[in-house]
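Below, each chain spelled out in residue letters.
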Amino acid sequence: MPDVRPVLPTEPTGPTGPTGPTEPTEPTEPAAPPAPPAADPARAAVRGGVLGNYVDQFDIFLPVLALAPVAAELYGTRAVVTYAGLVFVATLVGRPLGAALLGSLADRVGRAAVARASMLGLGVTTLLIAALPVAAMSHEAVLLAVVALRFVSGVLIGGGYTSAVPLAIEWSAPRRRGFVSGLVMAMSPTANATIAALVLVLLGVLGTDGYAAWGWRVPFVVGAVLAFAAVVHFRRHVRDTPERAAAAPAARPLTTVLVGAERHRLWRLMVLMTGLWLFTNMGVAVVTSQLGVVAELDGAAVTRTMLVATAVSAVAMVASGHASTRAGRRRFLAGFGVAAAVLAPATYLAAFTGPASPAALVLLVTVLQVVTVSAYGPIGAYLAERFPPAVRSSGYGTAYSLSIVLPALYPFWLPPLQASFGDVAPVAALLAVGGVLVAVGAATSPQEAMTDASPQEAITDAA
């Protein structure tokens, strides 16, 4: 049947409205766009830890890799290996002082603020090296200026990692601390590989003469820019954890760590870290120099070898950090030390005691990096977990840096050993000693003091 329902009139629309004409209305302001969601503080802190450690490590290895091809031009041909070592040592010796002074400050005023200030200063000192008028300076003046600026850089680096790395671990969930630690610590070989790649490109584009004339300055400019970028990130996105803010600050955090209630933690951890620093100095700094002096590789070949080795060790470092969560960090590090005490000297001797093809040398140096410095993977979490919040930066920084002093002075005590026993045997023996110290230090180190819940988990639970 057809639809016969009446059609009802509709209300008029438009400017007249339902009851007749209406007054025109003023146009309304467009609604403001919604504010962007706040950044995840845990992710921001982890990114800050990764970026901060990358900046620190980039700066540490700049004189080792960026200045190696021009060391003779800058410092003169007399004792060039020793002088290059002194530049590296100046940075490493400055680090304990920075860790003591700025780590204590971070415990009192906040880790994020100290990280920003340290990285800003680091960018300035790195830029000053790039601007040195070396053509108008004697070799001795260049060496003195570089050593002085590198010492200041070392002090600032000590403040950077005592703040940024514990902050990243504090914001991380327990199940992710090992992975985060590995990611943060992997920035050391990553930065090393980045510098090596950059130097290799510059040498290829500019040639040896062009690199010696001005190309060596480019990596230092890049390092300064990276430091300033880290300052911007920390200023915009990174803040201290509620746990640190709520903790009652220790009146003298450094004293507490060195001779007070936490001293038993520090001194046992320093045994472990001394072994790791022997790995770093023998397996990275000395090996880099010996690739040119003992293996007789040219500058480009040394750079290519270290580029491959450090890139692989970066991946191994992340893996070792994650593995430490599954196996237990103490057990993992103790086992690593035992294995390294055997494998590290054997690999080193295979690389430097007989004729090896370029490919075999790259492989052996790569294996050496994996069985030594990849043990750093769990260290960010391991050290941070062993100190309470009120003294964590002081404890982390002092354990990490004070242990560097004796290994870092190798340019003074290694040459006499080499004069008596040859260039190779003492280095192999010291790699074995490093493994033993890592194993003993891990086996006797204290229980962790960090709480099981991360601040981000606490925030989520409260919500």
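For the structure itself, consult the block above.
Residues numbered from 1 in each chain as written. Predicted model: local features only at pLDDT ≥ 70, side-chain atom pairs only at ≥ 80, totals over all residues. Heavy atoms only, no water.

(A) Inspection of the overall build of the protein chain at higher detail. Along the protein chain, the regular secondary structure elements total 20 helices and zero strands. When each of the 463 residues of the protein chain is scored for burial, the buried share is 53%. For the protein chain, the share of sequence-separated contacts (at least 6 apart) that also reach a separation of at least 24 residues comes to 87%. Accessible surface, the protein chain as shown: approximately 19700 Å² in total, 68% of it carbon and sulfur. (Helix = DSSP H or I, 4+ residues; strand = E, 2+ residues; numbered from the N terminus. Buried < 20%, exposed > 50% of the residue type's maximum accessible area, 1.4 Å probe, protein only. Contact = heavy atoms within 4.5 Å. Areas by Shrake-Rupley, 256 points an atom, 1.4 Å probe, with all protein chains shown as cover.)

(B) How the structure looks around the pattern of salt bridges. Counted according to the given criterion, the structure contains nine salt bridges. R265 is the partner of E262 in a salt bridge, and the nearest nitrogen-oxygen pair spans 2.8 Å. On the accessibility criterion, E262 (13% relative accessible area) is buried. Residue R329 pairs with E385 through a salt bridge whose shortest N-O separation is 2.7 Å. Of this pair, R329 sits in helix α13 (residues 329–352) while E385 sits in the loop between α15 (379–384) and α16 (392–402), and the two are 56 residues apart along the sequence. The same class applies to R329 as to E385, namely buried. Here the residues in one salt-bridge network are D107, R111, E170 and R392, joined through shared partners. (Salt bridge = Lys/Arg side-chain N within 4 Å of Asp/Glu carboxyl O.)

(C) How the structure looks around a nonpolar patch on the surface. Together, L120, V124, L127, L128, V221, V225 and F228 line one region of the surface with nonpolar side chains, adding up to about 540 Å² of accessible area. Contributions of two or more residues to the nonpolar patch are made by α4 (111–130) and α8 (217–237). Broken down by element, the residue count for the nonpolar patch peaks at four residues, all from α4. Relative to the elements of secondary structure, L127 occurs in helix α4. (Patch = residues over 30% accessible without salt bridge, like charges linked within 9 Å, V, L, I, M, F, W, Y side chains within 5 Å.)

(D) The side chain of S394, seen in detail. Position of S394 among the secondary structure elements: in helix α16. With a relative accessible area of 0%, S394 lands in the buried category. Ignoring sequence-local partners within four residues, the contact set of S394 consists of G103, S104, D107, P253, L254 and V257.

(E) Local environment of the environment of L167. Within the fold, L167 resides in helix α5 (residues 139–170). The class for L167 is buried, based on a relative accessible area of 1%. The spatial distance from the C-alpha of L167 to the C-alpha of R244 is 9.3 Å, given a sequence separation of 77 residues. When sequence neighbours within four positions are dropped, the list of residues in contact with L167 reads A45, R111, A112, F234, V238, R239, D240 and T241.

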